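Report on the structure
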Amino acid sequence: MVAAGAESGTVPVDERHPQIRTRRVAFDWEETPLHWIPGAPVATHLVNAFQILLTTGEKWFIQCVRDALPYVADERLRAEVKGFVGQEMVHSRSHQGVLDRLLARDGLPTAHLTDAAHAKLAERATAMAELARTDPRRFRRRLRFELGAVSAIEHYTAVVGQWIIENDGLDRAGADPTMLDLFRWHGAEEVEHRSVVFDVYTALGGGYPLRAASWAVATALLSLALVQGTFELLRRDPSITVPVTFRRVRRSYRASVRKGHVPAMATMFLREGLTYLRPGHHPSKVCSTEIALEYLRRSPAARAAAGAA
Ligand SMILES: [Fe+2]
Ligand SMILES: [Fe+2]
């Protein structure tokens, strides 16, 4: 499917499977303050909680599509999976850099969280390898469910990715430009590869009831993890001297939503959930590859990576 009028140079943009390539970006966090959205510690740590989840989460996405690859016959989709893996690897590594070189530097180490998550991921890999050998039907059933969950999360990463490219609330707030570029470059690549996991899920025979069930589980767990992670970072932040109460956090969060620092999370999860759950949904029907490519053409990190290559 080629989007009408959507052109990148002379090559038409294919919204279903745009070309996916790895951009080996690098970021320097030396000049970035801990509260990189000035005066908005709740919004900053909400997004930081998301970064913590992404470091392991994106490695889990990679495991899932790699596990699925033997069942994907379509050569084009197989190539897209390889592009997806390359992009998600650089995403995970880039957010890990924020945790290691910015949060840890300013008294907020997160290694205990990421180490525990990585240990679970290693256990998952071992369990799935064992299942593939001993009970291939159960292996495929579990893999379909996990791919459904990843596909639901990929819907959100694409939608939030486009939101952060188009929204200027963070620019107006004076947010750190390197962090903004990290999220906009990442968001643009999420828009680029938004169809891949959905198509792999479909190729493995994933249908609508499982899509809805895996969406519900993924959305509930993701929301819970974001709230827990935000409170944990706020409570452990050595620069916050007032008690972190639910009322204070809610007030600051609502102010940040009004100022466009972050989307209204509950509304976004619900509204986008309804879109994702439409029976005829396909990721190519949401977001714009052209908007993503336009950002990638001006992203400082992507330009530097292209120059280095
Ligand atoms: Fe990603
Ligand atoms: Fe992704």
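Please refer to the structure higher up on the page.
One structure accompanies this document, and this report is about it.

This paragraph deals with the coordination of the iron ion (ligand 2). Only Glu 88 (OE), Glu 154 (OE), Glu 154 (OE), Glu 190 (OE), Glu 190 (OE) and His 193 (NE2) from the protein reach the iron ion (ligand 2) as donors, at distances of 2.0 to 2.7 Å. Considering all six donor atoms around the iron ion (ligand 2), the spread of angles at the metal, 53 to 150°, places the coordination shape in the irregular class. In this structure the iron ion (ligand 1) is found 3.6 Å away from the iron ion (ligand 2), and Glu 88 serves as a bridging donor for the pair. Of this pair, Glu 154 sits in helix H4 (residues 136-166) while His 193 is found in the loop between helix H6 (177-192) and helix H7 (196-203), placing the two residues 39 residues apart along the sequence. Its relative accessible area of 1% is what places Glu 154 among the buried residues.

The next subject is the environment of Arg 236. By secondary structure assignment, the location of Arg 236 is in helix H8 (residues 208-236). Residues Arg 236 and Glu 192 lie 44 residues apart in sequence; the distance between their C-alpha atoms is 36 Å. Setting aside chain neighbours within four positions, we find Arg 236 in contact with Gly 107, Leu 108, Pro 109 and His 112. Within the structure, the side chain of Arg 236 is placed 2.4 Å from the backbone oxygen of Pro 109, a separation counted as a polar contact.

The end-to-end C-alpha separation of helix H3 (residues 111-134) is 34 Å, in line with the 34 Å expected for 24 residues at 1.5 Å each. Buried residues of H3: Thr 114, Leu 121, Arg 124, Met 128 and Leu 131, and no others. Tucked into the core, H3 has its buried residues touching helix H1 (41-68), helix H2 (75-103) and H4.

Next up on the list: the coordination of the iron ion (ligand 1). Looking at the iron ion (ligand 1), one finds its protein donor set to be Glu 58 (OE), Glu 88 (OE), His 91 (ND1), His 186 (NE2) and Glu 190 (OE), positioned 1.9 to 2.3 Å from the metal centre. Motif for the iron ion (ligand 1), donor spacing along one chain: E-x29-E-x2-H-x94-H-x3-E. Judged by relative accessible area, which is 4%, His 186 ranks as buried.

A few words now on the pattern of salt bridges. On inspection of all chains with the given rule, the structure shows 15 salt bridges. A salt bridge links Glu 130 to Arg 133; the nearest nitrogen and oxygen atoms lie 2.6 Å apart. Placement of both Glu 130 and Arg 133 in helix H3 is noted, with a separation of three residues, approximately one turn of the helix. Among the residues examined, Arg 133 registers a relative accessible area of 60% and is labelled exposed. Within the structure, one salt-bridge network assembled from shared partners comprises Asp 67, Arg 124, Arg 142 and Glu 146.

Let us now look at the packing of H2 against H6. Running from amino to carboxyl end, H2 crosses H6 at an angle of 160°, the nearest separation of the two axes being 11 Å. In terms of orientation, H2 and H6 fall into the roughly antiparallel class. Considering how the two elements wind past one another, H2 and H6 form a crossing that is left-handed. Touching Gln 87, Glu 88, Val 90, His 91, Ser 94, His 95, Val 98 and Leu 102 of H2 are Met 179, Leu 182, Phe 183, Trp 185, His 186, Glu 189, Glu 190 and Glu 192, all from H6. A class-by-class count of the residues in the contact of H2 with H6 yields seven nonpolar, five polar and four charged.

With that out of the way, let us pick up H1. Counting along an α-helix, one turn takes 3.6 residues, and residues three or four places apart therefore face a common direction. Spanning 28 residues, H1 covers 40 Å between terminal C-alpha atoms, matching the ideal 40 Å at 1.5 Å per step. At Leu 54, H1 shows its maximal bend, which comes to roughly 35°. Most of H1 sits inside the fold, with 21 of its 28 residues counted as buried.

Attention now moves to the side chain of Glu 88. Checked against the element boundaries, Glu 88 lands in helix H2. Buried charge without a partner: Glu 88 forms no salt bridge, and the closest opposite charge is Arg 23, 11 Å away. Excluding its chain neighbours within four sequence positions, the residues that come into contact with Glu 88 are Glu 58, Phe 61, Ile 62, Glu 154, His 186, Glu 190 and His 193.

Let's shift gears to the packing of H1 against H4. Between H1 and H4, the least distance of the axes is 10 Å, while the angle of their chain directions is 135°. In terms of their interaxial angle, H1 and H4 are classed as oblique. As for the relative orientation of H1 and H4, their crossing is left-handed in sense. Counting all contacts with H1, which are made through Phe 50, Trp 60, Phe 61, Cys 64, Val 65, Asp 67 and Ala 68, the residues of H4 involved are Phe 139, Leu 143, Glu 146, Leu 147, Ala 149, Val 150, Ile 153, Glu 154 and Thr 157. The residue makeup of the contact of H1 with H4, split by class, is twelve nonpolar, one polar and three charged.

Right, let's talk about the nonpolar core for a bit. Soluble globular proteins tend to pack their nonpolar side chains together in the buried interior. Ranked by size, the top nonpolar core spans 76 residues in total, and within it Leu 103, Leu 143, Leu 147, Met 179, Leu 182, Trp 185 and Val 200 carry the most contacts. Aside from chain neighbours lying at most four places away, what touches Leu 143 is Cys 64, Asp 67, Ala 68, Arg 124, Met 128 and Leu 204. With five residues, the next largest nonpolar core counts Val 42, Phe 231, Val 244 and Val 249 among its residues.

Residues Arg 247, Arg 248, Arg 250, Arg 251, Arg 254, Arg 258 and Lys 259 make up a contiguous surface patch of positive charge. Assignment of secondary structure puts Arg 247 in helix H9 (residues 246-259).

Analysis parameters
- Residues numbered from 1 in each chain as written.
- Chains lettered and ligands numbered in written order.
- Predicted model: local features only at pLDDT ≥ 70, side-chain atom pairs only at ≥ 80, totals over all residues.
- Heavy atoms only, no water.
- Donors = N, O, S within 2.8 Å, 3.2 Å for Na, K, Ca; no water.
- Tetrahedral: all angles 85-135°; square planar, octahedral: opposite > 155°, others 65-115°.
- Helix = DSSP H or I, 4+ residues; strand = E, 2+ residues; numbered from the N terminus.
- Buried < 20%, exposed > 50% of the residue type's maximum accessible area, 1.4 Å probe, protein only.
- Contact = heavy atoms within 4.5 Å.
- Polar contact = N/O pair within 3.5 Å; in protein donor to acceptor, adjacent residues only side chain to side chain.
- Expected span 1.5 Å × (residues − 1).
- Salt bridge = Lys/Arg side-chain N within 4 Å of Asp/Glu carboxyl O.
- Axes fitted to C-alpha atoms, helices over the stretch in contact; angles between N-to-C directions.
- Parallel < 35°, antiparallel > 145°, perpendicular 65-115°, else oblique.
- Left-handed = near helix turned anticlockwise from the far one by under 90°.
- Nonpolar A, V, L, I, M, F, W, Y, C, P; charged D, E, K, R; others polar.
- Bend = angle between axes of the 7 residues up to and from the residue.
- Lys, Arg positive; Asp, Glu negative; His and termini not counted.
- Core = buried A, V, L, I, M, F, W, Y, C linked by side-chain atoms within 4.5 Å.
- Patch = residues over 30% accessible without salt bridge, like charges linked within 9 Å, V, L, I, M, F, W, Y side chains within 5 Å.
- Areas by Shrake-Rupley, 256 points an atom, 1.4 Å probe, with all protein chains shown as cover.
- Charge placed at Lys NZ, Arg CZ, Asp CG, Glu CD.

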